[in-house]
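This is what each chain is made of:
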Amino acid sequence: MDETSELTTNDVTTQDIAEVIAELEQYRERLVQETTETAKRAKLMRVSVMAKLEPELAKIDAALQELRNQQATLSGSN
């Protein structure tokens, strides 16, 4: 394995994590917005569309929480 593929927690800064969090939050918002707009055009009920989207949103939310925890850990150790 080369050095670039072996990132450790020490190599990641709180700024790096903040950038990933921001991008993931934007992705989540865009996913909900675009899915809702598409559902409207297809005349689908928002409730049923959101029910199908919920598992993906749960994964994103879990990833965001993990990143926030990691960011808090790094902030506390500095």
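Refer to the structure presented above.
Here the structure is a predicted model, which is why all the values come from computation and not from measurement. (Residues numbered from 1 in each chain as written. Predicted model: local features only at pLDDT ≥ 70, side-chain atom pairs only at ≥ 80, totals over all residues. Heavy atoms only, no water.)

A. Examining the nonpolar core more closely. By size, the foremost hydrophobic cluster in this structure holds 11 residues: Ile 17, Ile 21, Leu 31, Val 32, Met 50, Leu 53, Leu 57, Ile 60, Leu 64, Leu 67 and Leu 74. Mapped by element, the contributors of at least two residues to this core are helix H1 (14-41) and helix H2 (46-77). Setting aside residues up to four positions removed in sequence, Leu 64 forms contacts with Ile 21, Leu 24 and Glu 25. (Core = buried A, V, L, I, M, F, W, Y, C linked by side-chain atoms within 4.5 Å. Buried < 20%, exposed > 50% of the residue type's maximum accessible area, 1.4 Å probe, protein only. Helix = DSSP H or I, 4+ residues; strand = E, 2+ residues; numbered from the N terminus. Contact = heavy atoms within 4.5 Å.)

B. H1, seen in detail. Between the first and last C-alpha of H1 there are 41 Å, a value that for 28 residues agrees with the 40 Å anticipated at 1.5 Å per step. If you check which residues of H1 are buried, you get Ile 17, Ile 21, Leu 31, Val 32, Thr 36 and Ala 39. Looking at the buried side of H1, the elements it contacts are H2. Two residues or fewer after H1 comes Lys 43, characterised by a positive phi angle close to 60°. (Expected span 1.5 Å × (residues − 1).)

C. The arrangement of the side chain of Thr 36 in detail. Examined against the element boundaries, Thr 36 turns out to sit in helix H1. Overall, the relative accessible area of 13% leaves Thr 36 in the buried class. Ignoring any residue separated from it by four or fewer positions in sequence, one finds Thr 36 in contact with Arg 46 and Met 50.

D. Representation of the packing of H1 against H2 in the model. With their axes 10 Å apart at the nearest point, H1 and H2 run at an angle of 175° to one another. Looking at the two axes, H1 sits roughly antiparallel to H2. Of the residues assigned to the contact of H1 with H2, the class counts are 18 nonpolar, six polar and six charged. (Axes fitted to C-alpha atoms, helices over the stretch in contact; angles between N-to-C directions. Parallel < 35°, antiparallel > 145°, perpendicular 65-115°, else oblique. Nonpolar A, V, L, I, M, F, W, Y, C, P; charged D, E, K, R; others polar.)

E. Summary view of unusual backbone geometry. In this model, Lys 43 sits at a positive phi of 60°, which is unusual for a non-glycine residue. For Lys 43, the location among the structural elements is in the loop between H1 and H2. Lys 43 gets classed as exposed once you look at its relative accessible area, which sits at 74%.

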